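Below, each chain spelled out in residue letters.
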Amino acid sequence: MISLIGIGSKREHITLKAVDRIKEADVVIAYHPYLTHIQDLLEGKEVHSRGMGDEMQRVELAVEKEKEGLQVAIISSGDPGIYGMANVYFQIIDKYPDLEFEVIPGVTAATYSASALGAPLHDLAIISLSNLLTPLDEIQRKIKHAAIADLVIAFYNPKSKSRTEPFEVACDTLLENRNPETPVGIVTTKDGVETLTNICKLKDLRTQDIDMFTTIIVGNSMTYVKKGKMITPRGYKMDAKLPELTEQFYEKFFKGDIQIGPNTDCEYFPCHNNQENCTFCFCPFYPCADGSTGGKWIEGKNVWNCSNCNWIHKDEVVDEVLDYVKDNIHSMNDFKTKKKALLKLRRSTIYKTRNLDFNRNFELDE
């Protein structure tokens, strides 16, 4: 049996099944640095340490040992199926008959880095910036379309001392297709022990301290930073009692008493930092519980504070939302029964208007 085992980025992230398979193995084959994470599991085993770039030889050696009737463990960092030894193994598997094998998953760099940054992942693309065997134009094409699709992007192998061009191309391509204010998380693991994290804006990514042990996570149009953590909201329905003034506003709205555009007669006008479309003086998505446009909870009060969210007061946003609300929301109860549909509309509108200068709650130093 050949076990293709992922051991994650740190020893504490290795799975119980991976530990069991390493203990059961007669032979362990690995790139040398990976052995330091599992040194206590190697006693009494035949250990083969290999260098970077001889992946095919490692697999051939594993097959040779398996044919001798031995239990073999091939060690990958992270997950063996994500730029790991499983890819190498399956590239040559049909050379040999009757091989027994299994793949043991591990914590890959994207999920490990996400846990260090907060909760930055939603729908995502994982892209390696290594152009050793991948054409640079292929890498650029993938980055461009992932950026246009508004996917969160995790970059592996971003650059080394001798390989910087793919990283430069990635920065240029992202800035052409994504808001330069987008939060970017940077996680570097030193010697498999120390984890260094940093969050910057996309426009500043090029100047950050990055090497081949760094994982970069680029947020999407809804990603924001709060309390030093990077968050990409998935969107969950939050039920809450609407304020009394909200009910008074919408009772008029339902009767067709709608103030389109700026309400210059209002005693509070202007109140939204030059975003003064007052059509939805009270937001139809309240409470969205999504800080990507500037709202936040008032600690200890169970109240969603919209005072820093000017998004619903932008002309382009009102143009996208108004007809749906007029056609589908006819009572206060509809805000509750149709909340999921409203939140989907909100996400769709954020995407359609993602190139606007959202007043997002980045909490990053200028």
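From a predicted model like this one, the values you see are computed outputs, not experimental measurements.

A few words on the packing of aromatic side chains. Per the counting criterion, the structure on display carries 15 aromatic pairs. Both rings, one in F254 and one in F335, keep their centres 6.4 Å apart while their planes meet at 35 degrees; by these two values the pair is tilted. Placement of the pair is F254 in helix α8 (residues 244-254) and F335 in helix α10 (residues 332-337), with a sequence separation of 81 residues. For F254, a relative accessible area of 24% puts it in the partly exposed group. For F335, a relative accessible area of 8% corresponds to the buried category. Aromatic rings pair up to connect F249, Y250, F253, F254, F280, F282 and F335 into one cluster. Over the face of the ring belonging to W311 we find R346, whose NZ or CZ atom lies 5.4 Å from the ring centre.

Look at the UniProt record and you will see "domain: Tetrapyrrole methylase" (unreviewed entry) annotated at residues 1-187. Taken as a whole, residues 1-187 contains 37% helix and 22% strand, while its terminal C-alpha atoms sit 35 Å from one another.

Considering all chains together, one arrives at 15 salt bridges under this definition. For K142, the salt bridge identified is with E138, shortest N-O distance 2.7 Å. Of the two residues, K142 and E138 both sit in helix α6 (residues 136-148), four residues apart, roughly one turn of that helix. Since its relative accessible area comes to 40%, K142 is described here as partly exposed. Three or more residues are tied together by salt bridges with common partners; here these are R21, E24 and E102.

A few words now on the pairing of strand β8 (residues 152-156). The element β8 is largely enclosed, with a buried count of five among its five residues. Going residue by residue along β8, you find V152, A154 and Y156 tucked away on one face and I153 and F155 tucked away on the opposite face as well. Across five bridges, strand β7 (residues 124-128) lies against β8 in parallel orientation. Across the sheet, S128 pairs through a bridge with Y156, a residue of β8. With α6 bridging β7 and the parallel β8, this β-α-β connection has right-handed handedness. Relative to strand β11 (residues 214-218), β8 runs antiparallel, the two sharing three bridges. Residue pairing in the sheet places I153 in a bridge with V218 of β11.

Attention now goes to empty space enclosed by the protein. The full count for this structure, using the stated rule, is two cavities of 30 Å³ or more. Space inside the largest cavity adds up to approximately 70 Å³. Among the residues forming the lining of the largest cavity, the class breakdown is nine nonpolar, two polar and one charged.

Calculation notes
Residues numbered from 1 in each chain as written. Predicted model: local features only at pLDDT ≥ 70, side-chain atom pairs only at ≥ 80, totals over all residues. Heavy atoms only, no water. Phe/Tyr/Trp six-rings, centres within 6.5 Å; stacked < 30°, edge-to-face > 60°. Helix = DSSP H or I, 4+ residues; strand = E, 2+ residues; numbered from the N terminus. Buried < 20%, exposed > 50% of the residue type's maximum accessible area, 1.4 Å probe, protein only. Lys NZ or Arg CZ within 6 Å of the ring centre and 35° of its normal. UniProt positions renumbered as here; feature names shortened; annotations may be inferred. Salt bridge = Lys/Arg side-chain N within 4 Å of Asp/Glu carboxyl O. Pairing = 2+ DSSP bridges. Right-handed = clockwise from strand over helix to strand, strands pointing away. 1 Å grid on protein atoms, 1.4 Å probe; cavity = no way out; pocket = protein on both sides within 12 Å on 5 of 7 lines; lining within 4 Å. Points joined across faces, edges and corners; volume = space filled by probe spheres on them. Nonpolar A, V, L, I, M, F, W, Y, C, P; charged D, E, K, R; others polar.

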